[in-house]
Amino acid sequence: MGGPRSPEAPWSVSGLSITARPEDLAEVEENLNQRQGLEVHARDPVSGKLVAVQECATIAEHRQRLEEVQAIPGVLTADLVMHYQPENDSDPTTSGEVR
């Protein structure tokens, strides 16, 4: 998901559930894989479903990127299904709250 992140930089991750027209799935997946901080982890070519994880600095950035994914040609739906941000933004090894 992009290059190494500075340990001091704030971060959070979100899980996305994406459904595309099956005939557009390869193009949608290629588009997603070209986006920094976003990585596709699962795909079902029959249903057109993808599962992706994205890393962002702020919830506003998550929202903006989700809207960008929703606007990709061939995407039918894209939903944020999980968001995680550590309690201590500067230390990704600390425990955090899953929302």
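Quick notes on the rules
- Residues numbered from 1 in each chain as written.
- Predicted model: local features only at pLDDT ≥ 70, side-chain atom pairs only at ≥ 80, totals over all residues.
- Heavy atoms only, no water.
- Helix = DSSP H or I, 4+ residues; strand = E, 2+ residues; numbered from the N terminus.
- Buried < 20%, exposed > 50% of the residue type's maximum accessible area, 1.4 Å probe, protein only.
- Contact = heavy atoms within 4.5 Å.
- Areas by Shrake-Rupley, 256 points an atom, 1.4 Å probe, with all protein chains shown as cover.
- Salt bridge = Lys/Arg side-chain N within 4 Å of Asp/Glu carboxyl O.
- Arc of directions from axis to C-beta.
- Expected span 1.5 Å × (residues − 1).

K.L.:
Could you give an account of the overall build of the protein chain, with specific residues and numbers?
P.N.:
What the protein chain contains, in helices and strands, is two helices and five strands. Mapped from its N terminus to its C terminus, the protein chain presents α and β elements in the order β-α-β-β-α-β-β. Burial analysis of the protein chain (99 residues in total) assigns 34% to the buried set. Partitioning the intrachain contacts of the protein chain with sequence separation of at least 6 by distance along the chain shows that 60% fall at a separation of at least 24. Of the roughly 5,800 Å² of accessible surface on the protein chain, a fraction of 52% belongs to carbon and sulfur atoms.

K.L.:
Could you give me a rundown of the pattern of salt bridges, with the residues and numbers involved?
P.N.:
Applying the stated criterion across every chain yields a total of five salt bridges. With a closest N to O distance of 2.8 Å, Arg21 and Asp24 form a salt bridge. Judged by its relative accessible area of 15%, Asp24 falls in the buried class. A salt bridge links Glu61 to Arg65; the nearest nitrogen and oxygen atoms lie 2.8 Å apart. Here Glu61 pairs with Arg65, and both are found in helix 2 (residues 59-70), just four residues apart, close to one helical turn.

K.L.:
Mind laying out helix 1 (residues 25-33), listing which residues take part and the relevant values?
P.N.:
Along helix 1, the residues classified as buried are Leu25, Val28, Glu29 and Leu32. One face of helix 1 carries all of its buried residues, which in axial projection span an arc of 95 degrees. The outward face of helix 1, more than 90 degrees from its buried face, is lined by the exposed residues Ala26 and Glu27. Contacts from the buried residues of helix 1 go to strand 1 (12-20), strand 2 (38-44), strand 3 (49-56), helix 2 and strand 4 (75-86).

K.L.:
Account for helix 2, naming residues and giving values.
P.N.:
Relative to the 16 Å expected for twelve residues at 1.5 Å per residue, helix 2 spans 16 Å between its end C-alpha atoms, a close match to the ideal helical length. Residues of helix 2 that are buried: His62, Arg65, Leu66 and Val69. Each buried residue of helix 2 sits inside an arc of 105 degrees when the element is viewed along its axis, so together they form one side. Tucked inside the fold, the buried residues of helix 2 contact strand 1, helix 1, strand 2, strand 3 and strand 4.

K.L.:
Give a detailed account of the side chain of His83, specifying residues and quantitative values.
P.N.:
Within the fold, His83 resides in strand 4. Looking at His83, the relative accessible area reads 7%, which means it is buried.

By themselves, these figures tell us nothing about what the structure is for.
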